[in-house]
Amino acid sequence: MKKIACLIIAVCISGGSAVVAQQSEVDAYKLSQTDINGTARYLSMGGAFGALGGDISSMYTNPAGLGIFRTSEIVGTVSLNMFKTNSNWNGSKSDMNKTTFNLDNFAYAGYFPTGNDEGIIGWNFGFSYNKLKNFNRQYTLAGKQKYSMSDYTSAISSGIPESSLIGSGSNNPYYGNTEWLPILGFQGGFFFPDVDFPDYYLPTFGGGADYTTLFVKEWGGIDQYNFSFATNISDFVFVGATFGVTDINYRVSTTYDEEYGAKDYLYLDNHLSTDGTGYNFNLGVIVRPTDYLRLGVAYNSPTWYKMTDYFHAEAGTYVDIPENSADENELNASTPSQSAYDYQLRTPDKWIFSLAGILGQNALISFDYELSNYSSTRLKDVDGRELKEANNHIRNNSQSVHTFRLGGEYKITPRFAVRAGGYWQSSYAKSVLENNEQEVFTAGTLPHYTVNTGTFSASVGLGYRFTPNFYMDMAYVFRQQKENAYAFSSVYFDQPEDNVYSTPAELKTNTSRVALTLGYKF
């Protein structure tokens, strides 16, 4: 262990309005992604309803599916979600579990026939609430790596004037352009000035810690309220449109610790909450050329969000210095309480192409292909000006995401049906991001991040009709998301010997979900 006997000068922290780092591609992706969600029937068939229709959840993907309805209907869905995360960091493994209970879906569909046998046969109107994303999970990375948070923060602070990191008198960094993490790192004792090179810094703890732990707790979700209408034209073409209002709330609390020997340590604690409201629209068409074949296409617009981040962080170090030394052995720093940052986010749009086959009176099969270009995600400041640096990273590091959904249903009796389905989704990250070949810029004082490397889901379900009007559906869904998790980013310089490398942990989030839907037709 490399120990520095002299720490930096005394810290003077001034209050005020904080600056934060811009959102990055990893942050934008996290806030843009949604899950397969809706009724238990929709879940059990992998969400493959783009051409099939006839399920209230199709309002969110292809609203033309609402035009299939020949009765009015009201439904509600609840679910039990069990999250298990497994991490493997340089051979050190850790598991964590979390269970939540949610109201996932509530919807009404109204059918209004025109009395015509041809032309416009009927109009359909619908309202639905869907929980599009559940952020709930917690995980731990524990182990060792070659470089420390001290190495990382000193590297990203290179070239920043020391006066911008201290903050005193009229030169207050909280009103300037310096990002928060270098300020916290300097004032918390993570690094100190290099006397030979002005505005360059040396790590207080050089090299990896004896033991490092990162605990992450996430919660919150994305809720959407859809208002839809559709029409049936001669039982041949079904056309629909949806306007959606979306609320997002994301919360994360992290604790990062590095231990050196018996007494020396470094810590960084973070708390971030993100709140936003947005809107979007969906358009869709289903064509039924024969009684046994349906074709569908839908366009889901971006969601245009106005967002606010609230954050608070604390950092500190302790170095065991001999008693006769005049240097301080403990330093601590924190951001002002509830520092805020306003910005705008536009998520990528989606195209959905679908095919469904009706196999006699008892069976059906359905397939959806969804294409979404995540490089089209955009971030803007509160006044609508593009955040060019962040958007350049999004363009360079993100790619199109391909999602394949497949589902089937078989009616054993007129009242009882069994179902199965699943989906697979590719990673949004280009190889340069997925393979850790460049620096990643994160928001605020949260240096940790994850890169999704792929998601798949498998599901089964049952449906029972108690009466011609009242029914119940159940579904079990297993979902696995694989990610590379980093405690902080690697940093690259012109001279490779100056680089700081961060080793990713393998992170798997397994979700087991049991959903129950009750519905009534009238």
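The structure displayed is predicted, hence computed values, not measured ones.

What counts, and where the lines are drawn
Residues numbered from 1 in each chain as written. Predicted model: local features only at pLDDT ≥ 70, side-chain atom pairs only at ≥ 80, totals over all residues. Heavy atoms only, no water. Helix = DSSP H or I, 4+ residues; strand = E, 2+ residues; numbered from the N terminus. Rg over C-alpha atoms; globule rule 2.2 N^0.38 Å. Buried < 20%, exposed > 50% of the residue type's maximum accessible area, 1.4 Å probe, protein only. Contact = heavy atoms within 4.5 Å. Areas by Shrake-Rupley, 256 points an atom, 1.4 Å probe, with all protein chains shown as cover. Phe/Tyr/Trp six-rings, centres within 6.5 Å; stacked < 30°, edge-to-face > 60°. Lys NZ or Arg CZ within 6 Å of the ring centre and 35° of its normal. 1 Å grid on protein atoms, 1.4 Å probe; cavity = no way out; pocket = protein on both sides within 12 Å on 5 of 7 lines; lining within 4 Å. Points joined across faces, edges and corners; volume = space filled by probe spheres on them. Nonpolar A, V, L, I, M, F, W, Y, C, P; charged D, E, K, R; others polar. Salt bridge = Lys/Arg side-chain N within 4 Å of Asp/Glu carboxyl O. pLDDT = per-residue confidence, 0-100. Pairing = 2+ DSSP bridges. Polar contact = N/O pair within 3.5 Å; in protein donor to acceptor, adjacent residues only side chain to side chain. Core = buried A, V, L, I, M, F, W, Y, C linked by side-chain atoms within 4.5 Å.

Asker: Please clarify how the overall build of the chain should be interpreted in this entry.
Answerer: When helices and strands are counted, the chain shows eight helices and 23 strands. Taken over C-alpha atoms, the radius of gyration comes to 26 Å for the chain, in line with the 24 Å a tight globule of 522 residues would show. Along the three orthogonal principal directions, the C-alpha set of the chain runs to about 95 × 45 × 35 Å. Taken across its 522 residues, the chain has 57% of its residues classed as buried. Residue pairs at least 24 apart in sequence account for 75% of intrachain contacts in the chain once pairs closer than 6 positions are excluded. Of the roughly 21300 Å² that the chain leaves accessible, carbon and sulfur atoms contribute 56%.

Asker: Please explain the packing of aromatic side chains as it appears in this structure.
Answerer: Where two aromatic rings form a pair, the distance of their centres and the angle of their planes describe that pair. All chains considered together, the criterion is met by 33 aromatic pairs. With 5.1 Å between their ring centres and 20 degrees between their planes, Tyr152 and Phe488 make a pair best called stacked. One end of the pair, Tyr152, is in helix α4 (residues 149–156); the other, Phe488, is in the loop between β22 (470–486) and β23 (505–521), with 336 residues separating them in the sequence. Judged by relative accessible area, Tyr152 falls into the buried class, the value being 4%. What links up through ring pairs into an aromatic cluster is the set Phe243, Tyr279, Phe281, Tyr299, Trp304, Trp351 and Phe353. Geometry around Trp219 places Lys217 over its ring, the cationic atom sitting 5.4 Å from the centre.

Asker: What exactly am I supposed to notice about unusual backbone geometry here?
Answerer: Note: most residues except glycine have negative phi, and most peptide bonds are trans. Look at Asn90: it is not a glycine, yet its phi comes out positive at around 55 degrees. Along the chain, the position of Asn90 falls in the loop between β2 (73–89) and β3 (92–113). A positive phi angle, near 60 degrees, is found at Asn436, a position not held by glycine. Among the structural elements, Asn436 can be located in the loop between α8 (431–434) and β21 (449–465).

Asker: For this particular structure, what's the right way to read empty space enclosed by the protein?
Answerer: In this approach the atoms are scanned with a rolling probe the size of a water molecule, which exposes any empty space left behind. In this structure the tally under the stated criterion is seven cavities of 30 Å³ or more. Approximately 580 Å³ is the volume attributed to the largest cavity. Forming the boundary of the largest cavity are 41 residues, of which Asp35, Lys133, Asn134, Arg479 and Gln481 lie nearest the centre. Among the elements that make up the lining of the largest cavity, the one with the highest residue count is β21 (five residues). In this model, the second largest cavity occupies a volume close to 230 Å³. Thr34, Ile36, Lys350, Glu370 and Gln425 are the residues nearest the centre of the second largest cavity, which is lined by 20 residues in total. Going through the elements one at a time, α3 (58–61), β17 (363–373), β19 (400–411) and β20 (416–425) are the ones with two or more residues in the lining of the second largest cavity. The element that contributes the greatest number of residues to the lining of the second largest cavity is β19, accounting for three residues. Grouping the amino acids of the lining of the second largest cavity by side-chain chemistry returns seven nonpolar, eight polar and five charged.

Asker: Would you take a moment to explain the pattern of salt bridges for this structure?
Answerer: One side chain can pair with another of opposite charge once the charged atoms of both are near each other. All told, the structure shown has 18 salt bridges when counted by the stated rule. For Asp223, the salt bridge is made with Lys131, and the minimal N-O distance between the two is 3.0 Å. Of this pair, Asp223 sits in strand β9 (residues 211–233) while Lys131 is found in strand β4 (residues 120–134), placing the two residues 92 residues apart along the sequence. Residue classification places Asp223 among the buried residues on the basis of a relative accessible area of 13%. Two residues, Arg419 and Asp473, come together in a salt bridge whose shortest N-O distance is 3.0 Å. Here the residue Arg419 occupies a position in strand β20, and Asp473 occupies one in strand β22, the gap between them amounting to 54 residues. Comparing Arg419 with Asp473 shows no difference in burial state: the two are buried.

Asker: How do you make sense of the confidence of the model for the chain when you look at a structure like this?
Answerer: Detailed reading of the predicted coordinates is not advisable wherever pLDDT is low. Of all residues in the chain, 91% have pLDDT values of 70 or greater, and the mean over the chain is 88. In this model residues 1–21 is a low-confidence stretch, pLDDT under 50, and it forms 72 contacts with partners more than four residues away in sequence or in other chains.

Asker: Can you help me understand the environment of Ala443 in this one?
Answerer: Following the sequence through the fold, Ala443 ends up in the loop between α8 and β21. Owing to a relative accessible area of 7%, Ala443 belongs among the buried residues under this scheme. C-alpha separation for the pair Ala443 and Val26, spaced 417 residues apart in sequence, amounts to 9.4 Å.

Asker: Can you help me understand the layout of surface pockets in this one?
Answerer: Estimated volume of the largest pocket: approximately 950 Å³. Residues belonging to the lining of the largest pocket are distributed by class as follows: 16 nonpolar, nine polar and 15 charged.

Asker: How do you make sense of the pairing of β9 when you look at a structure like this?
Answerer: Residues in a regular strand point their side chains to alternate faces of the sheet. Bridge analysis of β4 against β9 gives 13 bridges, and the strand direction is antiparallel. In the strand pairing of β9, Lys133 is matched with Ile222. Pairing analysis gives seven bridges linking strand β5 (residues 137–143) to β9, with the strands arranged antiparallel. From the neighbouring strand, Gly143 faces β9, where its bridge partner is Thr212. Once β9 ends, the chain turns through three residues before running back antiparallel as strand β10 (residues 237–260), passing Ser234 with a positive phi of about 60 degrees.

Asker: Teacher, can you tell me more about the side chain of Thr403 here?
Answerer: Within the secondary structure, Thr403 sits in strand β19. Thr403 gets classed as buried once you look at its relative accessible area, which sits at 2%. At 3.0 Å, the side chain of Thr403 forms a polar contact with the side chain of Gln425. Excluding residues that lie within four positions of it along the chain, Thr403 makes contacts with Asp368, Tyr369, Glu370, Tyr423, Trp424 and Gln425.

Asker: Explain the nonpolar core here, please?
Answerer: Grouped burial of nonpolar side chains is what soluble globular proteins tend to show. Core analysis: the largest hydrophobic core is formed by 57 residues, its most contacted members being Met149, Tyr256, Leu268 and Leu379. Leaving out residues up to four positions away in the same chain, Met149 has contacts with Phe190, Tyr256, Glu258, Leu266, Leu268, Pro447, Ala487 and Phe488. The next biggest cluster of nonpolar side chains, apart from the first, holds 14 residues, and it includes Ile36, Ala40, Met45 and Phe49.

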